[in-house]
Structure formats: structure tokens, C-alpha cells
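# Observations on chain architecture
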Amino acid sequence: MTTRDNSTTDPQVLAELGRLRDSIDNIDAAVVHMLAERFKCTQQVGHLKAAHQLPPADPAREAQQIARLRGLAESAKLDPAFAEKLLNFIISEVIRHHEQIADGRLNGDGASPAA
Ligand SMILES: C=C(O[C@@H]1C=C(C(=O)O)C=C[C@H]1O)C(=O)O
């Protein structure tokens, strides 16, 4: 496929591209805000688990979430395999935080966890 810069592209095409990118930027911002809220909740779960000697990971709960999310993805015409991969990626980070909390390496509400 050949590529070229924007200088000769129809202004209407560029306007449409700009409009779509504005929506993409809004969606990305919403995703970041929703993830931040999710991590605030999961940090609290991590502290609760650590205080009551519960394990950081709960595979049975994860299996339920994956099954539910795959169903939601299918209804929304999103690839269920992609939805599962994304959820697993997020959950693995949550479990890492929970292990840090249990080891006393992470405090606070976890809005910006240590690396
Ligand atoms: C948040 C929890 O801890 C872990 C993280 C999960 C998640 O991010 O959704 C789900 C299950 C657990 O492996 C939980 O047990 O609810």
C-alpha cells in the first residue's frame, strides 16, 4: 500500500478523520477514568483481603467474570477473545497490587501504584 501526506487529501475527508479522532480521544479518556475507578475499588479489595488473610487471586471469581464478559462482548459485537485477553491483563495487574499490599509494599487507595 502506498502512503502520502495530508496536503493533497480532500478537506472533507480530513474533517471526517478529525471528527472520528475527537470521538476516539473522548472514548480513551472515559476508559482511563473508568479504569482509575476500577483500580480504586480493587485496591480496597486488596486491603480487605490482606487484613483478613485472604489470597490475592480468586480464580473462581475470575472464571465467572470472563464468562460474563465474553457474553457481553458477543452481544456488543466485540471479539470475545479480545475481551477475555483485556480482562486477564487488567486482573493480572490487580493481583500484582494485591500481592504488594499483602507484603506491605503498597499503601493508600492505589490511584497511582508503585511500579
Ligand atoms: C478484585 C479481586 O481480586 C482479584 C482481581 C479480580 C478483578 O480484578 O476483577 C478478580 C478476582 C481476583 O483474582 C476480587 O477477588 O474480587
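Numbering of residues starts from 1 in each chain and follows the order in which that chain's sequence is written. With pLDDT at 70 or above as the cut-off, local features in this predicted model cover only qualifying residues; side-chain atom pairs require 80 or more to be listed or tallied, and sums for whole chains, interfaces and linings still use all residues.

In the annotation of an unreviewed UniProt entry, the entry for the protein chain reads Chorismate mutase, and the organism field reads Streptomyces indicus.

## Some remarks on helix α2 (residues 59-75)
Each helix is a run of H or I in the DSSP string that is no shorter than four residues. Each strand is a run of E no shorter than two, and both are numbered from the N terminus. Every helix has an expected span of 1.5 Å times one less than the residues it contains. In a regular helix each residue adds 1.5 Å, so 17 residues correspond to 24 Å; α2 covers 24 Å between its end C-alpha atoms and thus fits that length. Working definition of burial: number of other C-beta atoms within 10 Å of the residue's own, with buried at 20 or more, exposed at 12 or fewer, and partly exposed in between, all C-beta atoms being placed from the backbone. For α2, the tally of buried residues reaches only 0 of 17 residues, placing the bulk of the element at the surface. Just downstream of α2 lies Lys 77, where phi reads positive at about 60°.

## Things to note about the site of the ligand
The environment of the ligand is made up of Thr 42, Val 45, Ala 57, Asp 58, Arg 61, Glu 62, Gln 65, Ile 91, Val 94, Ile 95 and His 98. Of all the secondary structure elements, the ones that give two or more residues to the shell around the ligand are α1 (11-51), α2 and α3 (80-102). It is α3 that contributes the most residues to the shell around the ligand, 4 residues altogether. The residue inventory of the shell around the ligand, partitioned by class, reads 5 nonpolar, 3 polar and 3 charged. Working rule for contacts: place C-beta from the backbone, and if it is within 6 Å of a molecule or strand, that residue counts as near it. Put simply, Ala, Val, Leu, Ile, Met, Phe, Trp, Tyr, Cys and Pro go in the nonpolar bin, Asp, Glu, Lys and Arg in the charged bin, and everything else, Gly too, in the polar bin.

## Description of the UniProt feature "domain: Chorismate mutase" (unreviewed entry) in the protein chain
UniProt positions are given in the numbering used here, feature names are shortened, and annotations may be inferred rather than shown by experiment. Sites flagged by UniProt as "domain: Chorismate mutase" (unreviewed entry) map to residues 11-102. Between the end C-alpha atoms of residues 11-102 the distance is 56 Å, and the span holds 88% helix and 0% strand.

## Here's the deal with the environment of Glu 62
Tracing the sequence through the fold places Glu 62 in helix α2. Glu 62 sits 29 residues away from Ile 91 along the chain, and the two C-alpha atoms are 8.2 Å apart.

## What to know about the packing of α1 against α3
α3 packs onto α1 with a crossing angle of 40° between their chain directions and a minimal axis gap of 9 Å. Classified by the angle between their axes, α1 and α3 sit oblique to one another. For the crossing formed where α1 meets α3, the hand is right-handed. Across from Thr 42, Gln 43, Gly 46, His 47, Lys 49 and Ala 50 in α1, the residues of α3 making contact are Val 94, His 97, His 98, Ile 101 and Ala 102. Each axis is a line fitted through C-alpha atoms, taken for helices only over the stretch in contact, and angles between the N-to-C directions span 0 to 180 degrees. These descriptions rest on fixed angle ranges, namely under 35 degrees for roughly parallel, over 145 for roughly antiparallel, 65 to 115 for roughly perpendicular, and the rest for oblique. Each crossing gets its hand from how the near helix is turned against the far one by less than a right angle, where anticlockwise is left-handed and clockwise is right-handed. Any residue pair is listed as a contact if its two C-beta atoms, each placed from the backbone, are within 7 Å.

## Quick notes on α3
An ideal rise of 1.5 Å per residue puts 33 Å on 23 residues; α3 measures up with 32 Å between its terminal C-alpha atoms. Considered for burial, the residues of α3 that qualify are Val 94, His 97, His 98 and Ile 101. At its buried positions, α3 is contacted by α1. Among the residues trailing α3, Gly 104 stands out with phi positive, at a value near 75°.

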